[in-house]
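Structural features, examined
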Amino acid sequence: MRQALILVHLLGAILWIGGMFFAYVCLRPAAAQVLEPPQRLPLWSATFARFLPAAAVAVLALLATGFAMLAQTGFAQAPIGWHLMLALGLLMSAVFAYVHAVLYPKLRSACAEAAWPRAAQALNGIRRMVALNLVLGILTVVAAISAR
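Residues numbered from 1 in each chain as written. Predicted model: local features only at pLDDT ≥ 70, side-chain atom pairs only at ≥ 80, totals over all residues. Heavy atoms only, no water.

Section: the packing of aromatic side chains
- All chains considered together, the criterion is met by 3 aromatic pairs.
- When the centroid spacing of 6.0 Å and the interplanar angle of 80° are considered together, the rings of W16 and F96 count as edge-to-face. Of this pair, W16 sits in helix α1 (residues 2-34) while F96 sits in helix α3 (residues 80-112); the two residues are 80 residues apart in sequence, bridging distant segments of the chain. One exposure class covers both W16 and F96, and it is buried.
- Site record: aromatic cluster; members linked through ring pairs are W44, F48 and Y104.
- When the ring centre of Y24 is taken as origin, the NZ or CZ atom of R28, which lies over that ring, is 4.9 Å away. (Phe/Tyr/Trp six-rings, centres within 6.5 Å; stacked < 30°, edge-to-face > 60°. Helix = DSSP H or I, 4+ residues; strand = E, 2+ residues; numbered from the N terminus. Buried < 20%, exposed > 50% of the residue type's maximum accessible area, 1.4 Å probe, protein only. Lys NZ or Arg CZ within 6 Å of the ring centre and 35° of its normal.)

Focus: unusual backbone geometry
- Phi at A114 is positive, roughly 55°, even though this residue is not glycine.
- Residue placement: A114 occurs in the loop between α3 and α4 (116-146).
- A relative accessible area of 42% places A114 in the partly exposed class.

Notes on the packing of helix α2 (residues 37-73) against α3
- Two elements in contact, α2 and α3, have axes separated by 10 Å at closest approach and are oriented at 155°. Put simply, α2 runs roughly antiparallel to α3. Taken as a pair, α2 and α3 cross one another with a handedness that is left-handed.
- A breakdown of the residues in the contact of α2 with α3 according to their chemical character gives 22 nonpolar, 4 polar and 1 charged. (Axes fitted to C-alpha atoms, helices over the stretch in contact; angles between N-to-C directions. Parallel < 35°, antiparallel > 145°, perpendicular 65-115°, else oblique. Left-handed = near helix turned anticlockwise from the far one by under 90°. Nonpolar A, V, L, I, M, F, W, Y, C, P; charged D, E, K, R; others polar.)

Observations regarding the side chain of S93
- Within the fold, S93 resides in helix α3.
- The buried category is assigned to S93, whose relative accessible area is 12%.
- Sequence-distant contacts of S93, defined by excluding residues within four places in its chain, comprise W16, V59 and L63. (Contact = heavy atoms within 4.5 Å.)

Okay, here's the thing in structure tokens:
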């Protein structure tokens, strides 16, 4: 059972952190280079329409498996790295919830209205939150490795 929990936990982390890396480091500069706002902003809206639900499943899987493994070990007996992973994971989850529930609907709405300055403002907010979560995700992996 523990191996299954670890597998699901790792797959969730790979999907979430890898998706953020791809979006921030690969798609973002390429889209900015070749597309004007009326094409680029709806592309981002459509991309997030696909990524955010998958990331939400990953976040829920990470939280569920993380708490399950922590419960098996016992909070007091868990290595400090696990505690750091938990704290960072909860912070990342809050940032994700903000992007999903607040910023993305603003982007989607502005794109539907062809309000490009508003859409760009929403996308810029998402960009900053993705950058933050990408850094937090890398720190979380460091915390996980330090637990060994």
